Amino acid sequence: MAQEFSDESQQALATFFTERVRLNERSQFLSPINVIEPWIRHCAACDTPRNKTKSFSLGGILLGDTMIYDPYPLCLCGDCEEEIQSLLSHQTLRAWDDFVQTNFDCPPEYYRDLPTKRRPALL
Ligand SMILES: [Zn+2]
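Just so it is clear, the structure is predicted and the values come from calculations on it, not from any experiment.

Draft legend 1. Region of the structure containing the nonpolar core. Ranked by size, the top nonpolar core spans eleven residues in total: Trp39, Cys43, Ala44, Ala45, Phe56, Leu74, Cys75, Leu76, Cys77, Cys80 and Ile84. For this core, the elements supplying multiple residues, two or more each, are β4 (74-77) and α3 (78-87). The element best represented in this core is β4, accounting for four residues.

Here you go:
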């Protein structure tokens, strides 16, 4: 999927996640008992506590029922999701919309309240 993103969008996403999410610093949440809560306690980009956000998305990588840690899981608040969407080119937004429509069969109501204007967030 990422290969379909424009070069400008790939660079903008890389810059956002490097500068704002600081993926390299998320290893501080690793623990021998793999507790999810510290990873998603705050928005990974703006540090707003998750329980103080109007909306948020959670992202993670799972193998079956096993969570793969570092740098995920993470939380992004709705404001940061909107900021990410604003960084993407029209080409990338079209590719993302096509990917979501082709691969996810959800009722329209599912997307109604998304802060990203009916478009699931890129995490
Ligand atoms: Zn945020």
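Draft legend 2. A look at unusual backbone geometry. Between Asp70 and Pro71 the backbone carries a cis peptide bond, its omega angle lying at 10°. Inspection of the secondary structure assignment puts Pro71 in the loop between β3 (66-68) and β4. A cis amide bond links Tyr72 with the next residue in sequence, Pro73, at an omega value of 0°. Summarising the element assignment, Pro73 is placed in the loop between β3 and β4. The residue Asp70 is not glycine, and still its phi comes out positive at about 70°. Summarising the element assignment, Asp70 is placed in the loop between β3 and β4. Classification of Asp70 as partly exposed rests on a count of 14 C-beta atoms within 10 Å.

Draft legend 3. How the structure looks around the pairing of β4. Burial along β4 is two-sided: the face carrying Leu74 and Leu76 and the face carrying Cys75 and Cys77 are both buried. Inspection of the sheet shows strand β1 (residues 56-59) paired to β4 by four bridges, in the antiparallel sense. The residue of β4 that forms the bridge with Phe56 is Cys77.

Draft legend 4. Spatial organisation of the environment of Gln28. Within the fold, Gln28 resides in the loop between α1 (7-21) and α2 (37-40). Taking the number of C-beta atoms within 10 Å as the measure of exposure, Gln28 has 10 and is therefore exposed. Spatially, the C-alpha atom of Gln28 lies 9.5 Å from that of Pro38, the residues being ten residues apart in sequence.

Draft legend 5. Structural detail: α3. Along α3, the residues that are buried comprise Cys80, Glu81 and Ile84. Buried residues of α3, seen end-on, are gathered within an arc of 105° and therefore sit on one face of the element. Where the residues of α3 are buried, they touch α1, β1 and β4.

The rules behind these values
- Residues numbered from 1 in each chain as written.
- Predicted model: local features only at pLDDT ≥ 70, side-chain atom pairs only at ≥ 80, totals over all residues.
- Core = buried A, V, L, I, M, F, W, Y, C linked by C-beta atoms within 7 Å.
- Buried ≥ 20, exposed ≤ 12 C-beta atoms within 10 Å, placed from the backbone.
- Helix = DSSP H or I, 4+ residues; strand = E, 2+ residues; numbered from the N terminus.
- Pairing = 2+ DSSP bridges.
- Arc of directions from axis to C-beta.
- Contact = placed C-beta atoms within 7 Å.

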